[in-house]
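As a plain string of letters, each chain reads:
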Amino acid sequence: MSEHSIRDVVIVGGGTAGWMAAAAMIRLLDKRSINITLIESDEIGTVGVGEATIPPIIAYNNMLRINEDEFLAATKATFKLGIEFVDWGAIGERYFHPFGPHGQDFQGVHFHQIYLRESRLRKLDDIGAWSMSTTAAALGRYARPEPNAPLPLSQLGYAFHFDAGLYAAFLRGIAERQGVRRVEGKIVGATLDGSSGNVQHVTLADGTTIAGDLFVDCSGFRGLLIEDKLGTGYEDWSKWLPCDRAIAVPSEYPGQPDPFTRSTARSAGWQWRIPLQHRMGNGIVYSSGYLPDSDAEELLLANLEGKPLAEPRKLFFKAGRRRLAWNANVVSLGLSSGFVEPLESTSIHLIQSGIVKLLALFPDRRFNPVERDEYNRQMQDVFEDVRDFIILHYKATRRDDSPFWNYCRTMELPDSLEAKLELWRAKGRLFRDQRELFATPSWVAVLLGQGIVPEETEPAADALDPAMISDALDKMRLSYRHMAEHMPMHGDFVAEACASAGRR
Ligand SMILES: Cc1cc2nc3c(=O)[nH]c(=O)nc-3n(C[C@H](O)[C@H](O)[C@H](O)COP(=O)(O)OP(=O)(O)OC[C@H]3O[C@@H](n4cnc5c(N)ncnc54)[C@H](O)[C@@H]3O)c2cc1C
């Protein structure tokens, strides 16, 4: 510890972002020399949605040394092997975006190249037949790919669905046990230091002031410090992502939970279905310019599989990102840093990514701008990466049944995505440019799933021995099927994992 070290961190907000940040910071920073205070207001509450995740969450849980069975029991979680997309390419079509790879690469040639080449010679099943996660999901089965699991089980990628409120409470328990101080109260003001422009302290409704060296703004869409106080600005992406509203409602769900999220495209947006242990999470995400609120609610309620368990909740948002995720001594995390709609369940990952980067670039009280600039550059990259992948789902459609889909199908793209699509269309090539999220199999699943098939394959794929490839593809497909058939039913696996947590 030096004389310049940060001594007081103040986290503003106790939703998923606030408690994820608190639990990680108290675990990884030296708690003998740093105080972490989290302020939240029960009166304001949290956004209360955000129940589907992507695989990197496992690394976050491991960082906190969370036992997975205890986590499943505490948050009523289920496993998620990917997302089933219904009616996206065209009405009546469906495909699966799995976690984990498709097949195996041969002699340095990507599996999808081999699949594409073979599918020009004979009719093949959907590429999902060569994915462990897709095959298991289709049968409603799950088995945990323990470290050192044999192929093809080791290719199973997974994440979780969980109850957002229970998850925040679970993390709160961890954070408070390690020494995070929680303050209940509504923040009504913040004071800046005249010379540095840094936030000095926040003031609560009862007049209490809480000072800090570093503030982490997890206050939700409003961005209490990053926007209200610092006026950082917001980059609006709604011309590419026109959905700006959601309505969420839980419903009864008595059956075995499916190990996947379902996203069904509707006339001006899409509807989610997230199976938890005790209920189904449902919601519709839509563009208010194309669908009145009352019609959206009607559409949502008409498509529930069980009785609603609460009144539908309306949520308003604008796709985009805060121009600077870190401004002065305020780092925004979660909804205060921006929002890309939940089609690929990326927001919780963006929180995690922000926390990891903040810890890697943790400042001292001199706030070297180099660290802040690097953080902002990295967060811009990860936000734009997610943005492009989500836009792809809207653009890659043949739907022409509504003005909304006509707009999406014909809209102009960001240059980064346009270039990627051109490369894919020519010879099925995809490059990741050091991007941290969505690997090649994810892009392949969505592109092929929505009917964008390259005109040719690359020369290295064409050079492979056709008989060897044909035989290998058939054997691989059978091995995925065989492995999946021997897995437990997903609901049984979850019940056993929760029972084992109870026995610990
Ligand atoms: C429709 C929808 C669906 C989503 N689905 C997914 C999904 O499937 N997967 C995913 O990863 N993400 C999803 N998200 C995003 C996810 O919900 C959020 O990223 C996550 O919940 C984090 O929210 P937050 O903590 O930033 O904000 P919030 O939950 O809004 O928390 C804000 C906190 O700040 C506090 N606060 C605010 N103002 C004050 C004040 N003046 N004084 C004191 N405290 C204050 C509040 O009390 C609260 O504790 C979804 C979002 C939406 C809108």
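One structure accompanies this document, and this report is about it. Given the structure is predicted, the values throughout are model-derived calculations rather than measurements.

**With respect to helix H6 (residues 164–178)**
- Taking 1.5 Å of rise per residue, the 15 residues of H6 would be expected to cover 21 Å, and the 21 Å separating its terminal C-alpha atoms lies within 8% of that figure.
- Along H6, the positions that sit buried rather than exposed are Ala164, Tyr167, Ala168, Phe170, Leu171, Gly173, Ile174 and Ala175.
- Buried residues along H6 sit against helix H1 (16–28), helix H2 (57–63) and helix H3 (68–75).
- Regarding H6, its N-cap is Asp163, as a side-chain oxygen of that residue lies 3.0 Å from the backbone nitrogen of Gly165 further along.

**Brief notes about the site of the ligand**
- Neighbouring residues of the ligand: 34 residues in total, closest Gly14, Ala52, Ile187, Leu335 and Ile348.
- Here an oxygen atom of the ligand and a backbone polar atom of Gly15 are 3.4 Å apart.
- Interatomic distance of 3.3 Å between a backbone N/O atom of Thr16 and an oxygen atom of the ligand.
- A total of 1000 Å² of accessible area belongs to the ligand in isolation, and the protein chains cover 97% of it.
- Of all elements in the fold, only H1 and helix H9 (347–360) reach the threshold of two or more residues within the shell around the ligand.
- It is H9 that provides the largest number of residues to the shell around the ligand, a total of 3 residues.
- Among the residues forming the shell around the ligand, the class breakdown is 17 nonpolar, 14 polar and 3 charged.

**Some words on the sheet that holds strand S5 (residues 94–98)**
- If you trace the 7 strands from one edge of the open sheet to the other, you get S5-S4-S14-S15-S16-S13-S17, paired in mixed fashion. Because the sheet does not close on itself, it has two edges, and the strands there are S5 and strand S17 (313–316). Across the sheet, the axes of successive neighbouring strands diverge by a mean angle of 20°, strand direction being ignored.
- For strand S4 (residues 82–86) and S5, the ladder comprises 5 bridges, and the chain directions are antiparallel.

**Thoughts on the nonpolar core**
- Counting residues in hydrophobic clusters, the biggest one holds 148 residues, and the most contacted among them are Ile11, Met25, Leu171 and Tyr394.
- Here this core gets 10 residues from one element, more than from any other, and that element is helix H10 (residues 369–395).
- Filtering out sequence-adjacent residues up to four positions away, Tyr394 remains in contact with Trp88, Leu241, Cys243, Trp270, Glu341, Leu343, Phe404, Trp405, Cys408, Arg409 and Met411.
- With 17 residues, the next largest nonpolar core counts Ala190, Val199, Leu204 and Leu230 among its residues.

**A few points about the packing of aromatic side chains**
- All told, the structure shown has 31 aromatic pairs when counted by the stated rule.
- Arranged with centres 6.3 Å apart and planes meeting at 40°, the rings of Phe111 and Trp130 form a pair that is tilted. Of this pair, Phe111 sits in helix H4 (residues 111–121) while Trp130 sits in the loop between H4 and helix H5 (132–138), and the two are 19 residues apart along the sequence.
- Both rings, one in Tyr290 and one in Tyr407, keep their centres 6.5 Å apart while their planes meet at 40°; by these two values the pair is tilted. Of this pair, Tyr290 sits in the loop between strand S16 (280–286) and helix H8 (293–302) while Tyr407 sits in helix H11 (residues 403–410), and the two are 117 residues apart along the sequence.

**A look at the sheet that holds strand S20 (residues 330–332)**
- Here 6 strands make up an open sheet; going across it, the order is S7-S2-S1-S11-S20-S19 and the pairing mixed. The open sheet has two edge strands with one neighbour each: strand S7 (181–184) and strand S19 (326–327).
- Sheet topology note: the strand S11 (residues 214–217)/S20 ladder contains 3 bridges and is parallel. Note on S20: the bridge partner recorded for Phe215 is Val330.
- Packed onto the sheet, H1 meets strand S1 (8–12), strand S2 (35–40), S7 and S11 and runs at close to 170° relative to S2.

**So, unusual backbone geometry**
- Along the chain, Leu151 connects to Pro152 via a cis peptide bond; the corresponding omega equals -5°.
- Secondary-structure assignment places Pro152 in the loop between H5 and strand S6 (159–161).
- Its identity is not glycine, yet Arg65 carries a phi of approximately 55°, on the positive side.
- Following the sequence through the fold, Arg65 ends up in the loop between H2 and H3.
- The backbone of Phe367 shows a phi angle near 45°, a positive value even though the residue is not glycine.

**Things to note about the environment of Phe383**
- Looking at the secondary structure, you find Phe383 in helix H10.
- Distance in space between the C-alpha atoms of Phe383 and Val446 is 19 Å, their sequence separation being 63 residues.
- Non-local contacts of Phe383, meaning those with residues more than four positions away in its chain, are made with Trp237, Gly320, Arg321, Ser337, Gly338, Phe339, Val340 and Leu350.

**What to know about the packing of H4 against helix H15 (residues 466–485)**
- Look at H4 against H15: their axes get within 11 Å of each other, and the N-to-C directions meet at 110°. Considering their axes alone, H4 and H15 lie roughly perpendicular with respect to each other. Along its contact with H4, which presents Phe111, Ile114, Arg117 and Glu118, the element H15 presents Pro466, Ile469, Ser470, Leu473 and Met476.
- Here the contact of H4 with H15 is composed, by residue class, of 6 nonpolar, 1 polar and 2 charged.

**Quick look at the side chain of Asp163**
- You can see Asp163 is positioned in the loop between S6 and H6.
- For Asp163, a relative accessible area of 12% translates into the label buried.
- Of the polar contacts made by the side chain of Asp163, one reaches the backbone nitrogen of Gly165; its length is 3.0 Å.
- When residues no more than four places from it in sequence are discounted, the contact partners of Asp163 are Glu51, Thr75, Leu276, His278 and Arg279.

**Side note on the pattern of salt bridges**
- Counted according to the given criterion, the structure contains 34 salt bridges.
- The residue Glu297 makes a salt bridge to Lys314 at a minimum N-O spacing of 3.3 Å. Highlighted residues: Glu297 in helix H8 and Lys314 in strand S17, separated in sequence by 17 residues.
- Residue classification places Glu297 among the partly exposed positions, given a relative accessible area of 22%.
- For Lys475, the salt bridge is made with Asp471, and the minimal N-O distance between the two is 2.8 Å. Here the residue Lys475 and the residue Asp471 both occupy positions in helix H15, the gap between them amounting to 4 residues, near one helical turn.
- For Lys475, a relative accessible area of 53% puts it in the exposed group.
- The partly exposed category is assigned to Asp471, whose relative accessible area is 39%.

About the criteria used
Residues numbered from 1 in each chain as written. Predicted model: local features only at pLDDT ≥ 70, side-chain atom pairs only at ≥ 80, totals over all residues. Heavy atoms only, no water. Helix = DSSP H or I, 4+ residues; strand = E, 2+ residues; numbered from the N terminus. Expected span 1.5 Å × (residues − 1). Buried < 20%, exposed > 50% of the residue type's maximum accessible area, 1.4 Å probe, protein only. Contact = heavy atoms within 4.5 Å. Polar contact = N/O pair within 3.5 Å; in protein donor to acceptor, adjacent residues only side chain to side chain. Near = heavy atom within 4 Å. Areas by Shrake-Rupley, 256 points an atom, 1.4 Å probe, with all protein chains shown as cover. Nonpolar A, V, L, I, M, F, W, Y, C, P; charged D, E, K, R; others polar. Pairing = 2+ DSSP bridges. Axes fitted to C-alpha atoms, helices over the stretch in contact; angles between N-to-C directions. Core = buried A, V, L, I, M, F, W, Y, C linked by side-chain atoms within 4.5 Å. Phe/Tyr/Trp six-rings, centres within 6.5 Å; stacked < 30°, edge-to-face > 60°. Parallel < 35°, antiparallel > 145°, perpendicular 65-115°, else oblique. Salt bridge = Lys/Arg side-chain N within 4 Å of Asp/Glu carboxyl O.

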